[in-house]
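Structural characterization, general
In case you want the letters, here they are:
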Amino acid sequence: MIIAKNLKKHFKVHKRPPGFGAAVKSLFSRTYETVKAVDGVSFTIERGERVGFLGPNGAGKTTTLKVLSGLLHPTSGEVTVEGFVPFERSAELLSKITLVMGQKSQLIWDLPPSETYAMNRAVFDVPQAQFDATLRELDELLELGPLVSKPTRQLSLGERMKCELAAALLHQPTTLFLDEPTIGLDVAMQVAIRDFIRAYNLKHSATVLLTSHYMDDVVALCPRIIVIDRGTLIHDGDLKGLIKQMDPDKRVSFTTASVIDDETLAKLGHVHSKEGKRVTLKVSESELPSTVSYILATLKASDLAIEDPPLEDILRTMFGKHSAAALEVEAP
Amino acid sequence: MRSAASRTIRALPTLLRVGVAETVAYRAEFIVWILTTTQPLIMMSLWTSVAADGAYEGYTPNKFVAYYLATLLVRQLTGNWVAWQMMEEIRLGTMAMRLLRPIHPFVTYTVSHLAALPFRSVVALPLVGILLVTSSGDSITHHPLQLAVMPLSIAMAWLITFAILCA
């Protein structure tokens, strides 16, 4: 279980203009500004939940994960993870959590991943039999095979990420902080990693807090999402609820035998996109049955699909509104 | 759950083994690294030439050989680069991964640096031994207590260097 109450993390950042003079001057006199990376965030995540943690670049996602995993002291507020205060870094807590950062590696660069696994087994004090069984399971799920005996530096990004996940999970943590675990991976590898995270969550009832810029990751894995922007929480709830709240209209896509004029389409709903004979309309839920019937019966359309609006669009709208509101508040 | 000390002690053999594997991961780099620590040998040849026609300030060529070989030995066995390693890991953010393990980072740094010592000794000890015995045997102490204290002194010197660089 993860509890954050009014969590704040502020950084004092040195600022100076460019140029030689400013560099020399900064030796004697410095100007600082306070950056509120996380500013009063509160949430509770129950054991076994999979939660997407979303926000634009610089929103405070990674800072929050670092506070939750004990790497940073919060400026103020209360945080507990599995009943422990993270920044106290008790060995018991460290044995129950893991942090996977897509852009940072825990694998020893010049050695095969198997050496990192052996080291983790020793420092996490995992019994040999349990280690062997877990490694077999991870090998099966992630298809590690010969990767574990190749030097890490010679692995591709996707191969390395699979080995990273295995290294992070060998001690069978029950809380997983995943910071963009699929960054830079191809689509097939992204799907493999998602499947693996879901399987691990279900098997071990592990709590998963995931940040990702790939909305497909979030849609596939996280029934609940927490959205932060500029260090403040702007949404905490289920994904479907957010979509309904922000944009309740459905996207109806179809292909027609001939190009339909804009006037006819406008009668059916708002035209979201039109590329030749392929059209996407925004249609309200109440008008959906009649519109779909008309499209199929009268327009003789094929390849019809009804979807929720993409999460990217929802978030873009959300962050846009939030930024505008923030600017209004900041304005004198 | 075991105590931190007990867990650390149990982890030491594996940490040492991994440290050794890291030390010898690049063979060419390993040899170049050994060669870069031979500056005392260059100074030795310079000063023995200076003293070849007679003692310089009381130092005979044999004394210079003894001095610089002792310097080589001490440098090989007490040198470490932990400050640079820590600086690099902090700059790149990879120290976070060390901090997420339930063992103090000081222990992991210590062990990985200790693991390199046998390989430094492989080069330094035979060279120093042969040269001291063949050319400067009279210039080194034969006092048993001083000889016995020498390994302890080197160990303490290593610890002081390591602690200062860590601080």
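Residues numbered from 1 in each chain as written. Chains lettered and ligands numbered in written order. Predicted model: local features only at pLDDT ≥ 70, side-chain atom pairs only at ≥ 80, totals over all residues.

Looking at the overall build of chain A
Summing up its helical and strand segments, chain A has 12 helices and 13 strands in all. Seen through its principal axes, chain A has C-alpha atoms that stretch 70 × 60 × 40 Å. Here chain A holds 332 residues, and the buried ones make up 38% of them. For chain A, the share of sequence-separated contacts (at least 6 apart) that also reach a separation of at least 24 residues comes to 70%. (Helix = DSSP H or I, 4+ residues; strand = E, 2+ residues; numbered from the N terminus. Buried ≥ 20, exposed ≤ 12 C-beta atoms within 10 Å, placed from the backbone. Contact = placed C-beta atoms within 7 Å.)

Considerations on the confidence of the model for chain A
Residues of chain A with pLDDT of at least 70 account for 96%, and the chain-wide mean is 87. Looking over chain A, one finds the lowest element-wise mean pLDDT in helix α12 (residues 311-330) of chain A, namely 66, and the highest in strand β4 (residues 76-81) of chain A, namely 95. (pLDDT = per-residue confidence, 0-100.)

Structural notes on the packing of helix α6 (residues 157-169) of chain A against helix α7 (residues 187-204) of chain A
Residues and elements named next belong to chain A. Where α6 meets α7, the closest approach of the two axes is 10 Å, and the angle between their N-to-C directions is 10 degrees. Comparing their axes, α7 and α6 come out roughly parallel. Mapping the contact onto sequence places G158, M161, L165 and L169 in α6 and M189, I193, F196 and Y200 in α7. Taken together, the residues that form the contact of α6 with α7 break down as 7 nonpolar, 1 polar and no charged. (Axes fitted to C-alpha atoms, helices over the stretch in contact; angles between N-to-C directions. Parallel < 35°, antiparallel > 145°, perpendicular 65-115°, else oblique. Nonpolar A, V, L, I, M, F, W, Y, C, P; charged D, E, K, R; others polar.)

A short note on the sheet that holds strand β2 (residues 31-45) of chain A
Residue and element names in this part refer to chain A. Within the open sheet, the 3 strands sit side by side as β2-β1-β4. Their pairing is antiparallel. With one partner strand each, in any of the chains shown, β2 and β4 form the two edges of the open sheet. Ignoring which end each strand starts from, the neighbouring axes of this sheet average 30 degrees apart. With 5 bridges connecting them, strand β1 (residues 2-15) and β4 associate as antiparallel partners. By the bridge assignment, I3 is partnered in β4 with T80. Contacting β1, β2 and β4, helix α2 (residues 61-68) crosses the sheet at an angle of about 65 degrees to β2. (Pairing = 2+ DSSP bridges.)

Some remarks on the nonpolar core
Counting residues in hydrophobic clusters, the biggest one holds 68 residues, and the most contacted among them are A:A166, A:L209 and A:I225. If you tally residues by element for this core, the top one is α6(A), at 7 residues. (Core = buried A, V, L, I, M, F, W, Y, C linked by C-beta atoms within 7 Å.)

Digging into the sheet that holds strand β8 (residues 224-229) of chain A
Residues and elements named next belong to chain A. If you walk across this open sheet you meet the 6 strands as β5-β6-β7-β3-β8-β9, and the pairing is mixed. The sheet is open, and its two borders are formed by β5 (97-101) and β9 (232-238), each paired with just one other strand. When strand polarity is set aside, the average angle formed by the axes of neighbouring strands in this sheet is 15 degrees. In this structure, β8 lies alongside β9, joined through 6 bridges in antiparallel fashion.

Re helix α9 (residues 144-166) of chain B
All names here are of chain B. Compared with an ideal rise of 1.5 Å per residue, which puts 23 residues at 33 Å, α9 spans 34 Å between its outermost C-alpha atoms and is within 8% of the ideal. Considering bend angle alone, the principal kink of α9 is centred on M150 and spans about 30 degrees; proline P151 follows within four residues of it. Of all 23 residues in α9, 1 are buried, a share of ten percent or less. (Expected span 1.5 Å × (residues − 1). Bend = angle between axes of the 7 residues up to and from the residue.)

Overview of the environment of B:K63
Along the polypeptide, B:K63 turns up in helix α4 (residues 61-78). Each C-alpha atom of the pair B:K63 and B:I140 lies 8.4 Å from the other, and the pair is 77 residues apart in sequence.

Notes on helix α3 (residues 39-50) of chain B
One turn of the α-helix equals 3.6 residues, which is why residues spaced by three or four share an orientation. Taking 1.5 Å per residue, 12 residues should reach 16 Å; α3(B) reaches 17 Å between its end C-alpha atoms and fits that length. Buried residues are scarce in α3(B), accounting for 1 of its 12 residues.

Notes on the interface of chain A and chain B
Counting residues at the interface gives 20 residues for chain A and 22 residues for chain B. Broken down by secondary-structure element, the contributors of at least two residues to the side of chain A that touches chain B are α3 (91-94) and α4 (113-123) of chain A. If you tally residues by element for the side of chain A that touches chain B, the top one is α4(A), at 5 residues.

Thoughts on the packing of α4(A) against helix α1 (residues 4-23) of chain B
Between α4(A) and α1(B), the least distance of the axes is 8 Å, while the angle of their chain directions is 160 degrees. Judged by the angle between their axes, α4(A) and α1(B) are roughly antiparallel. Where α4(A) crosses over α1(B), the handedness of that crossing is left-handed. When α4(A) is examined against α1(B), the residues A:E115, A:A118, A:M119, A:A122 and A:V123 are found in contact with a partner set consisting of B:R10, B:A11, B:T14, B:L15, B:V18 and B:A21. When grouped by side-chain class, the residues that make up the contact of α4(A) with α1(B) number 8 nonpolar, 1 polar and 2 charged. (Left-handed = near helix turned anticlockwise from the far one by under 90°.)

Some points on the pairing of β5(A)
All names here are of chain A. With 5 of its 5 residues buried, β5 lies for the most part within the structure. Neither face of β5 is open: one carries I97, L99 and M101, the other T98 and V100, and all of them are buried. Note that β5 and strand β6 (residues 175-179) share 5 bridges and pair parallel. By the bridge assignment, T98 is partnered in β6 with L176.

A look at the environment of B:A21
The topology assignment puts B:A21 in helix α1. Counting along the chain gives 112 residues from B:A21 to B:V133, while the straight-line C-alpha distance between them is 33 Å. Once residues lying within four places of it in the same chain are set aside, the contact partners of B:A21 are A:L111 and A:E115.

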